[in-house]
Amino acid sequence: TPVPPHSPPTMSVPPRAVVAVAQVTSTPDKEHNWLQCSALVREAAGRGARLVFLPEGFDFIGTGPEQSLSLAEPLHSHTLGRYQHLARECDVWLSLGGFHERGPDWDTTGRIYNCHILLDNSGAVVATYRKTHLFDVELPGSVSLRESSFTNPGPAIVPPVDTPVGKLGLAVCYDLRFPELALALRGAGAQILAYPSAFTVPTGAAHWEVLLRARAIECQSYVVAAAQTGRHHEGRVSFGHSLVADPWGTVVAQCHEGPGLCFADIDLEFLERVRRDIPVQGHRRTDLYGCPGAPAS
């Protein structure tokens, strides 16, 4: 049975800890997706990862809004329960990057949330972030997606969470294009920013790596981006190229195409050195432009 969110204790983080980033090809078949994801989590745990990141749509990617709504589940569900057991079994934390959630307002709105769930190694839900920026984009001749037609925008930014690898700020996919969110998480203490994604091929080829590296550089944080890859069904293909960027903006781990894993050390001593050498956080002119990402007063 899923465990409700709780506040984990502040933990002592080693200077270096290993994270794993899983790249998968989700389909409308939930069982296929579970077998794919759980095998990668077990492999990552066996290779020493303390926290494993799964992409947006790890549960499924539907053929359209109608199927996505029909396949969606509440947090207290069979699917999440399996991942909670997996976290306990493997003794790892899991970033479940985008769960199609029937929230408490499902009966009144008929819409779902795109929910990034963080589990600790006991299987407890320690944070849930509901995607705040919805992907409504039409690129003539290539991409037409309207997430807001069946998804509610999340109501809030979630404070960064203490994990065995550092303080983790949660986001989802299209949030990557909004530096205000990243800066707000950085200002709240984030050392790592997670952008689980299902980027389209045209936007991924043009913008994926440069945006992730930009968020890493401007926030002087690690950026971890687990991504969907390949053909999900006849109507949708994802870019892949999951990666980890360090606080200097260097890509330190990367997948390319096809399902698989990449691994990176999170070196918090290096992060603190970067922040000390170029102290941009202390140079911000909030008197001129306010605090990007802060709630309106």
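What you see is a predicted model; the values in this text were computed from it and never measured.

K.L.:
Which parts of the structure should I look at to understand the sheet that holds strand E2 (residues 51-54)?
P.N.:
Pairing between the strands of a sheet comes from backbone hydrogen bonds, and it takes one of two forms, parallel or antiparallel. Taken in spatial order, the six strands of this open sheet run E5-E4-E3-E2-E1-E16, and their pairing is mixed. Edge positions in the sheet fall to strand E5 (125-130) and strand E16 (260-267), since each has one partner strand and no second. This sheet shows a mean twist of 25° between the axes of neighbouring strands, independent of strand direction. Note: E2 against strand E3 (residues 93-101), four bridges, orientation parallel. Of the residues in E3, the one forming a bridge with Val52 is Leu94.

K.L.:
I tried to follow the environment of Tyr174 on my own but got confused; where do I start?
P.N.:
The residue Tyr174 is located in the loop between strand E9 (166-170) and helix H5 (179-187) in this model. For the pair Tyr174 and Phe135, spaced 39 residues apart in the sequence, the C-alpha separation amounts to 6.1 Å. Setting aside residues up to four positions removed in sequence, Tyr174 forms contacts with Lys131, His133, Leu134, Phe135 and Val137.

K.L.:
I tried to follow the state of the cysteines on my own but got confused; where do I start?
P.N.:
By definition, a disulfide links the sulfur atoms of two cysteines through a covalent bond. Evaluation of the coordinates by the stated rule reveals zero disulfides. Of all cysteine sulfurs, the one in Cys90 lies closest to Cys37, which takes part in no disulfide; the gap is 13 Å. For Cys37, a relative accessible area of 0% puts it in the buried group. Free cysteine Cys255: the closest other cysteine sulfur is in Cys262, separated by 3.8 Å.

K.L.:
Hey, could you run me through the pairing of strand E13 (residues 236-239) in this one?
P.N.:
Where strand E12 (residues 229-233) lies against E13, four bridges are found, and the strand directions are antiparallel. Paired with Gly230 across the two strands is Ser238, which belongs to E13. Between E12 and E13, which pair antiparallel and follow one another directly, the connecting turn spans two residues.

K.L.:
Would you explain the side chain of Ser26 in this entry?
P.N.:
Here Ser26 shows up in the loop between strand E1 (16-23) and helix H1 (30-46). At a separation of 2.8 Å, a polar atom in the side chain of Ser26 contacts the main-chain carbonyl oxygen of Gly57. Setting aside its immediate chain neighbours within four residues, Ser26 contacts Asn33, Gln36, Gly57, Phe58, Phe60, Ile61, Gln228 and His232.

What counts, and at which threshold
Residues numbered from 1 in each chain as written. Predicted model: local features only at pLDDT ≥ 70, side-chain atom pairs only at ≥ 80, totals over all residues. Heavy atoms only, no water. Pairing = 2+ DSSP bridges. Helix = DSSP H or I, 4+ residues; strand = E, 2+ residues; numbered from the N terminus. Axes fitted to C-alpha atoms, helices over the stretch in contact; angles between N-to-C directions. Contact = heavy atoms within 4.5 Å. Disulfide = S-S within 2.5 Å. Buried < 20%, exposed > 50% of the residue type's maximum accessible area, 1.4 Å probe, protein only. Polar contact = N/O pair within 3.5 Å; in protein donor to acceptor, adjacent residues only side chain to side chain.

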